[in-house]
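Chain residues, written in single-letter form:
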Amino acid sequence: MRSIERNDPRQYDELACEWWRPGGDFEILHWLAAARAALVPPAARPGAVLLDAGCGGGLLAPHVRGLGYRHVGVDLRRSGLAQAATHGVTPLAGDVTALPLATGCADVVVAGEILEHVTDLGATVAELSRVLRPGGLVVLDTVNDTALARLVIVTLGEWLGVAPPGIHDPALFVDPGVLTGEFARHGVRLWVRGVRPTTTGLLRWLGARAGRDAGAPLGRIVPTWSTAVLFQGRGTKALFQGRGTKTGAA
């Protein structure tokens, strides 16, 4: 019998040793972090801030370190924040539905593998948009709300050991149409595309599961034609938003 419910954030305390363990339970999260970092441009101004919403153990840090941002990470679990701090992230304990940050403070907002874990998507999108400065960039990836995603991520993923048991609640998976609509309400025009892990990477990981250097990942994330399981999003907040306007231009 399960001791805690699906998607309970306390699981990340139990799995804290996995954040940076080569070939461990969070191996794919390293691939996803590298893929989302590839969508982040170098900082356009001194003192630019990159907000890493739901930063976990700070897996994004090595991939954005040379881009010129102050990397601020917000997460609920202090076990992850402690590890993020050792990798150069400025840690802040907080909830993504009520970010402890000033309006318009972030040049880039990154929300990687967090949206499928939040219980209030609208409030989360509102907060991510609020802290993003006009003209700023949002980058995200998440799990689609489809039967195929539930089969691949939950049923097969947990059976094969690709996803820790109970880490996801499929009821919280995210429809890309709903997500783009929520961002549009706050002046952010979002573009999405499907992504997937490389097949050879998955096979190497399942065959090894340990013993590889963190600098030599077993696989990577690549674009794909379908958004049915995993998808990335990239969007820009409108520079100007007229009174009563609910959508913005990229």
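Residues numbered from 1 in each chain as written. Predicted model: local features only at pLDDT ≥ 70, side-chain atom pairs only at ≥ 80, totals over all residues. Heavy atoms only, no water.

Topic: unusual backbone geometry
Even without being glycine, Asn7 reaches a positive phi, approximately 70°. Assignment of secondary structure puts Asn7 in the segment before helix H1 (11-14). The phi dihedral of Glu113 falls on the positive side, at around 55°, and the residue is not glycine. Judged by its relative accessible area of 15%, Glu113 is buried. (Helix = DSSP H or I, 4+ residues; strand = E, 2+ residues; numbered from the N terminus. Buried < 20%, exposed > 50% of the residue type's maximum accessible area, 1.4 Å probe, protein only.)

Here's the deal with the packing of aromatic side chains
Summed over the entire model, instances satisfying the criterion amount to 4 aromatic pairs. Aromatic side chains Tyr12 and Trp19 sit 6.0 Å apart centroid to centroid with 15° between the ring planes, which places their arrangement in the stacked category. Residues Tyr12 and Trp19 agree in their burial class; the two are buried. Taking 4.5 Å as the distance between ring centres and 45° as the angle between the ring planes, the aromatic pair formed by Trp19 and Phe26 counts as tilted. The pair Trp19 / Phe26 is uniform in exposure class, with both members buried. (Phe/Tyr/Trp six-rings, centres within 6.5 Å; stacked < 30°, edge-to-face > 60°.)

A look at the environment of Gly136
Mapped onto the elements, Gly136 comes out in strand E5 (residues 132-143). Take Gly136: its relative accessible area is 3%, and that puts it in the buried class. In this structure, the C-alpha to C-alpha distance between Gly136 and Leu59, residues 77 residues apart in sequence, is 22 Å. Dropping the residues within four chain positions of it, Gly136 is found in contact with Asp107, Gly235, Thr236 and Lys237. (Contact = heavy atoms within 4.5 Å.)

Topic: the side chain of Glu158
Among the structural elements, Glu158 can be located in helix H6 (residues 147-160). Excluding anything up to four places from it in sequence, Glu158 contacts Arg6, Ile153, Ala163, Pro164, Pro165, Gly166 and Ile167.

Quick look at the pattern of salt bridges
Side chains that differ in charge, positive against negative, can pair when their charged atoms come close. Counted by the stated rule, this structure contains 10 salt bridges. The partner of Asp8 in a salt bridge is Arg10, with the nearest N and O atoms 2.7 Å apart. Notably, a salt bridge pairs Arg130 with Glu127, separated by 2.7 Å at the nearest N-O pair. Placement of the pair is Arg130 and Glu127 together in helix H5 (residues 121-131), with a separation of 3 residues, close to one helical turn. By relative accessible area, which is 22% here, Arg130 ends up partly exposed. Several salt bridges converge on common partners, so that one network encompasses Arg45, Asp107 and Arg133. (Salt bridge = Lys/Arg side-chain N within 4 Å of Asp/Glu carboxyl O.)

Topic: the nonpolar core
Ranked by size, the top nonpolar core spans 26 residues in total, and within it Leu51, Val109, Leu115, Leu128, Leu140, Leu179 and Phe183 carry the most contacts. Contributions of two or more residues to this core are made by strand E1 (49-53), strand E2 (70-75), strand E4 (106-112), H5, E5, helix H7 (176-184) and strand E6 (188-197). Each residue touching Leu179, except ones within four places of it in the same chain, is listed here: Leu115, Leu121, Val125, Leu140, Val174, Leu190 and Phe231. With 15 residues, the next largest nonpolar core counts Leu32, Leu218, Ile221 and Leu230 among its residues. (Core = buried A, V, L, I, M, F, W, Y, C linked by side-chain atoms within 4.5 Å.)

Comments concerning the UniProt feature "domain: Methyltransferase type" (unreviewed entry) in the protein
The UniProt record marks residues 51-139 with the feature "domain: Methyltransferase type" (unreviewed entry), using the residue numbering of this structure. Note that residues 51-139 is 27% helix and 31% strand, and that its end C-alpha atoms are spaced 10 Å apart. (UniProt positions renumbered as here; feature names shortened; annotations may be inferred.)

A look at the environment of Ala238
In this structure, Ala238 sits in the segment after strand E8 (230-237). A sequence separation of 54 residues divides Ala238 from Ala184, and the C-alpha atoms of the two residues are 9.7 Å apart.

Some remarks on the sheet that holds E8
What the 8 strands build is an open sheet, ordered E3-E2-E1-E4-E5-E8-E6-E7; its pairing is mixed. Each edge of the open sheet is held by one strand with a lone partner, namely strand E3 (90-93) and strand E7 (221-224). Strand-to-strand twist of the sheet, defined as the mean angle between neighbouring strand axes without regard to direction, takes the value 25°. As paired strands, E1 and E4 are joined by 3 bridges and run parallel to one another. Bridge assignment links Asp52 to a residue of E4, and that residue is Val110. (Pairing = 2+ DSSP bridges. Axes fitted to C-alpha atoms, helices over the stretch in contact; angles between N-to-C directions.)

Digging into the packing of H5 against H7
For the pair H5 and H7, interaxial distance at closest approach is 9 Å and the crossing angle is 45°. With respect to H7, the axis of H5 lies oblique. H7 is crossed by H5, and the crossing has right-handed handedness. Mapping the contact onto sequence places Leu121, Gly122, Val125, Leu128 and Ser129 in H5 and Val178, Leu179, Glu182 and Phe183 in H7. (Parallel < 35°, antiparallel > 145°, perpendicular 65-115°, else oblique. Left-handed = near helix turned anticlockwise from the far one by under 90°.)

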